[in-house]
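In case you want the letters, here they are:
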Amino acid sequence: MKLPPAIIGATGMDAFTHSFESFISNKANPICDMFALESMKLLSQSILEAYHEGTNVHARHKMLLGSTDGGMALTASGTAAVHALAYPLGGKFHIPHGEANSMLLPHVTRYNLDKIQDRMAIIAKEIGLIKDDTISADKAVELLIEQMESWTQELAIPQDLKAFGVKETDIEELALAASKVTRLLNNNPKTLDIKDIEELYRKLLN
Ligand SMILES: [Fe+2]
């Protein structure tokens, strides 16, 4: 109950990323899907309340369950490129893991988009962003990416690597380190070469 809002925001986005990446990963399977969808639903219902209202036990309860379900999802499946690119940011620049994931999530999702549209539409429906079956997959995808961006903003997570001292000249070394996280890159629905990784980091240097 005493966890500070910034930690709630960062760890909450980390938990959401566990479930999201597990669900769109090459290793996704029915057991992962069940936990991942329930996790994303619980987290999306609670993350802002838990962040803004420190004494809201119901919101924190939902976050705990959502986070645990996310752990089950990633154990059954695995995370992917968001986590692979987040690790060097934590290792070299001490960027909190959840903040790095939250910054990268919309950009990596856009990169993966042509491979994950159908899965994105399922998530958008599950977390209540679309209530109407006639809505197009394109629109569902757009709403889900907007939701990721608006959480990052409302949780006061920086959206620019410059806030952590990262410079253009650091990109090459970061991308090289990320390219070695093959354990996770192999789970990503779309292949990333070192130039793709550099481009993704550059999107966070405005
Ligand atoms: Fe994580």
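These notes cover the structure that comes with them. The shown structure was predicted, so the numbers you read here are calculated from the model rather than taken from an experiment.

## Some points on the pattern of salt bridges
Working step 1: The final tally for this structure, using the stated rule, is 11 salt bridges.
Working step 2: With its nearest N and O atoms 3.8 Å apart, the salt bridge here joins E198 to R202. Taken together, the residues span about one helical turn, with E198 and R202 both in helix 9 (residues 194–202) at a distance of four residues.
Working step 3: Through salt bridges with shared partners, one network takes in E168, K195, E198, E199 and R202.

## Side note on the packing of aromatic side chains
Working step 1: Taken as a whole and assessed by the stated rule, the structure comprises two aromatic pairs.
Working step 2: Their ring planes at 15° and their centres at 6.4 Å tell us that F16 and F20 sit as a pair that is stacked. Taken as a pair, F16 and F20 lie in helix 1 (residues 5–24) at a separation of four residues, close to a single helical turn. Comparing F16 with F20 shows no difference in burial state: the two are buried.
Working step 3: Measuring from centroid to centroid gives 5.0 Å for F16 and W151, while their planes differ by 70°, and the two rings are edge-to-face. Of the two residues, F16 is situated in helix 1 and W151 in helix 6 (residues 137–154); the sequence distance between them amounts to 135 residues.
Working step 4: A relative accessible area of 1% places F16 in the buried class.
Working step 5: A relative accessible area of 2% means that W151 is categorised as buried.

## Let's talk about the side chain of S102
Working step 1: Tracing the backbone through its elements, the reader meets S102 in helix 5 (residues 97–126).
Working step 2: Judged by its relative accessible area of 1%, S102 falls in the buried class.
Working step 3: Sequence-distant contacts of S102, defined by excluding residues within four places in its chain, comprise M13, T152 and I157.

## A few points about the coordination of the iron ion
Working step 1: For the iron ion, the protein coordination sphere consists of D14 (OD), H18 (NE2), H83 (NE2) and H97 (NE2), at 2.1 to 2.2 Å.
Working step 2: Coordination at the iron ion comes from four donor atoms whose angles at the metal span 86 to 165°, giving a geometry best classed as irregular.

## A short note on the nonpolar core
Working step 1: In this structure, F20, M40, L85, L161 and Y201 are the most contacted members of the largest nonpolar core, which totals 59 residues.
Working step 2: A per-element tally of this core places helix 5 first, with 10 residues.
Working step 3: For L161, the residues in contact, after removing those within four places along its chain, are L89, I95, M103, V166, Y201, L204 and L205.

## Notes on the environment of C32
Working step 1: As for its placement among the helices and strands, C32 is situated in helix 2 (residues 30–52).
Working step 2: In this structure, the C-alpha to C-alpha distance between C32 and G78, residues 46 residues apart in sequence, is 8.9 Å.
Working step 3: Ignoring anything within four residues of it in the chain, the contact list for C32 reads S22, F23, A73, A76 and S77.

Reading guide: rules and limits
- Residues numbered from 1 in each chain as written.
- Predicted model: local features only at pLDDT ≥ 70, side-chain atom pairs only at ≥ 80, totals over all residues.
- Heavy atoms only, no water.
- Salt bridge = Lys/Arg side-chain N within 4 Å of Asp/Glu carboxyl O.
- Helix = DSSP H or I, 4+ residues; strand = E, 2+ residues; numbered from the N terminus.
- Phe/Tyr/Trp six-rings, centres within 6.5 Å; stacked < 30°, edge-to-face > 60°.
- Buried < 20%, exposed > 50% of the residue type's maximum accessible area, 1.4 Å probe, protein only.
- Contact = heavy atoms within 4.5 Å.
- Donors = N, O, S within 2.8 Å, 3.2 Å for Na, K, Ca; no water.
- Tetrahedral: all angles 85-135°; square planar, octahedral: opposite > 155°, others 65-115°.
- Core = buried A, V, L, I, M, F, W, Y, C linked by side-chain atoms within 4.5 Å.

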